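Chains, contacts and geometry: an overview
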Amino acid sequence: MHRVRVKVVEDALDANETIARANRDDFDRAGVTVVNFMGAPGAGKTSLLERVLDGLRAGVLEGDVQGSLDADRLASLHVPVVQLQTSQGFGGECHLDANMVRSALPSLPLEEIELLVIENVGNLVCPAEFRVGEDARVMVSSVAEGADKPLKYPLMFRACELVLLNKIDLLPYVDFDVAKFTERLHTVHPGVECLQVSAKTGEGMEAWHQWLARLPGRRMIEA
């Protein structure tokens, strides 16, 4: 029974990888750089995007299990936003996979943008396992989640090119040790870049904006 389950998972990941490569080919032809934006529910992913998308030739693919609250917030920035609800036809999946992203491609104005941010469903496990055709992955972790998260969810932190430590404005009020978080992060992903930011106060937003703005000029990873 265990072997059958492993085989099913391997087949699903192989099929996803094939579709992810097809997505990547389409993105490359359009000259669009793609970021897979991941993090737990409430980590502040949407708020961080609200702070930095202005002035970028960017679009957003917004993934949620249900509802359009985040997509509506981003649409107010006058950037192209496409909502993808995993509860509609995908069984309420807790992550986006390559096939879901592919289903949304006809609705994305790829010819109008140079950067596409795919805001994944809030989850610290599944999104790390499913590539969607992205060039880079960004992981958001907030100080409210605790400094132990890199050790508890190492795959998520190993899978990214950038970690955003968000909500640092709360540091005086929560039991969070930045030094321990950083040490644990570099234990599971040595050398990964980490920016300390606050979507509320704007601290660190310039560095986060510059990181995104540089992406179209450098393809970061191979799918």
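Structural notes, computed from the coordinates. (Residues numbered from 1 in each chain as written. Predicted model: local features only at pLDDT ≥ 70, side-chain atom pairs only at ≥ 80, totals over all residues. Heavy atoms only, no water.)

Brief notes about the overall build of the chain
What counts, and what does not: Secondary structure follows DSSP: runs of H or I at least 4 residues long count as helices, runs of E at least 2 residues long count as strands, and numbering of each begins at the N terminus. Burial status follows relative accessibility: with a 1.4 Å probe on protein chains alone, a residue under 20% of its type maximum counts as buried, one over 50% as exposed, and anything between as partly exposed. Here, residues are in contact when the closest pair of their heavy atoms is within 4.5 Å. Where accessible areas are quoted, they stem from the Shrake-Rupley method and a 1.4 Å probe; at the residue level, only the protein chains shown are allowed to cover.
Secondary structure assignment for the chain yields eight helices and seven strands. Considering the chain as a whole, with its 223 residues, one finds that 48% of them fall into the buried category. Partitioning the contacts of the chain with sequence separation of at least 6, the portion at a separation of at least 24 is 74%. Accessible area of the chain: about 10,500 Å², with a carbon and sulfur share of 50%.

Focus on the sheet that holds strand S3 (residues 81-85)
Put simply, the rule reads: At least two DSSP bridges between two strands are required for those strands to pair. An axis is simply a line fitted to the C-alpha atoms; with a helix, the fit covers only the stretch in contact. Between two such axes, the angle follows the N-to-C directions and lies from 0 to 180 degrees.
Pairing in this open sheet of seven strands is parallel, and the strands run S3-S2-S4-S1-S5-S6-S7 from one edge to the other. Looking at strand neighbours, the two that pair on one side only are S3 and strand S7 (193-196), the edges of this open sheet. Across this sheet, the average inter-strand angle for adjacent strands is 20°, counted without regard to direction. Here five bridges tie strand S1 (residues 33-39) to strand S5 (residues 136-142), and the two strands are oriented parallel to one another. Opposite Met 38, over in S5, you have Met 139 as the bridge partner.

A few points about the nonpolar core
Applied cut-off: Within this scheme, the nonpolar core is defined by two criteria: the residues are buried Ala, Val, Leu, Ile, Met, Phe, Trp, Tyr or Cys, and they are joined through side-chain atoms within 4.5 Å.
If you look at the biggest cluster of nonpolar residues, it comprises 27 residues, and the most contacted ones within it are Phe 37, Leu 48, Leu 164, Trp 208 and Leu 212. Going through the elements one at a time, S1, helix H2 (45-52), strand S2 (58-64), strand S4 (115-119), S5, strand S6 (162-166) and helix H8 (205-214) are the ones with two or more residues in this core. It is H8 that contributes the most residues to this core, four residues altogether. Ignoring anything within four residues of it in the chain, the contact list for Leu 212 reads Val 35, Val 52, Leu 56 and Leu 115. The next biggest cluster of nonpolar side chains, apart from the first, holds 20 residues, and it includes Met 38, Leu 124, Ala 159 and Leu 185.

Digging into the side chain of Asn 16
How we decide: Pairs of N or O atoms are called polar contacts if they sit within 3.5 Å, as long as, within protein, a hydrogen donor faces a hydrogen acceptor (for residues adjacent in sequence, only side-chain-to-side-chain pairs).
Within the secondary structure, Asn 16 sits in helix H1 (residues 2-30). With a relative accessible area of 7%, Asn 16 lands in the buried category. Polar contacts involving the side chain of Asn 16 include one to the main-chain carbonyl oxygen of Arg 131, which spans 2.8 Å. Sequence-distant contacts of Asn 16, defined by excluding residues within four places in its chain, comprise Asp 97, Ala 98, Asn 99, Phe 130 and Arg 131.

A few points about the pairing of S2
Counting buried positions along S2 yields seven of seven residues, so the element is predominantly enclosed. By the alternation rule, side chains of S2 split into Ala 58, Val 60, Glu 62 and Asp 64 and Gly 59, Leu 61 and Gly 63, which are all buried. Taken together, the five bridges between S2 and S4 define a ladder with parallel strand orientation. Residue Gly 59 lies in a different strand from S4, and its bridge partner there is Leu 116.

Some points on the packing of aromatic side chains
The following threshold applies: Each aromatic pair joins two rings of Phe, Tyr and Trp (for Trp, the six-membered one) with centres within 6.5 Å, and gets the label stacked for planes under 30 degrees apart, edge-to-face for over 60, and tilted for any other angle.
Per the counting criterion, the structure on display carries four aromatic pairs. For the pair Phe 37 and Trp 208, a centre-to-centre distance of 5.5 Å together with 15° between the ring planes defines the contact as stacked. Note that Phe 37 is positioned in strand S1 and Trp 208 in helix H8, a separation of 171 residues in sequence. Across the pair, Trp 208 and Phe 37 agree in class, each one buried. Pairing Phe 176 with Phe 181 gives two aromatic rings, centres 5.6 Å apart and planes at 40°, and the pair type is tilted. Judged by relative accessible area, Phe 181 falls into the buried class, the value being 0%. Aromatic rings pair up to connect Phe 37, Trp 208 and Trp 211 into one cluster.

Here we look at the pattern of salt bridges
Rules: One side-chain nitrogen of Lys or Arg within 4 Å of one carboxyl oxygen of Asp or Glu is enough to make a salt bridge.
Counted by the stated rule, this structure contains 10 salt bridges. A salt bridge links Arg 73 to Glu 50, with the nearest nitrogen and oxygen atoms 2.7 Å apart. Of this pair, Arg 73 sits in helix H3 (residues 69-75) while Glu 50 sits in helix H2, and the two are 23 residues apart along the sequence. Since its relative accessible area comes to 31%, Arg 73 is described here as partly exposed.

Examining the environment of Asp 26
Relative to the assigned elements, Asp 26 resides in helix H1. Linking Asp 26 and Gly 133, residues 107 residues apart in sequence, is a C-alpha distance of 9.1 Å.

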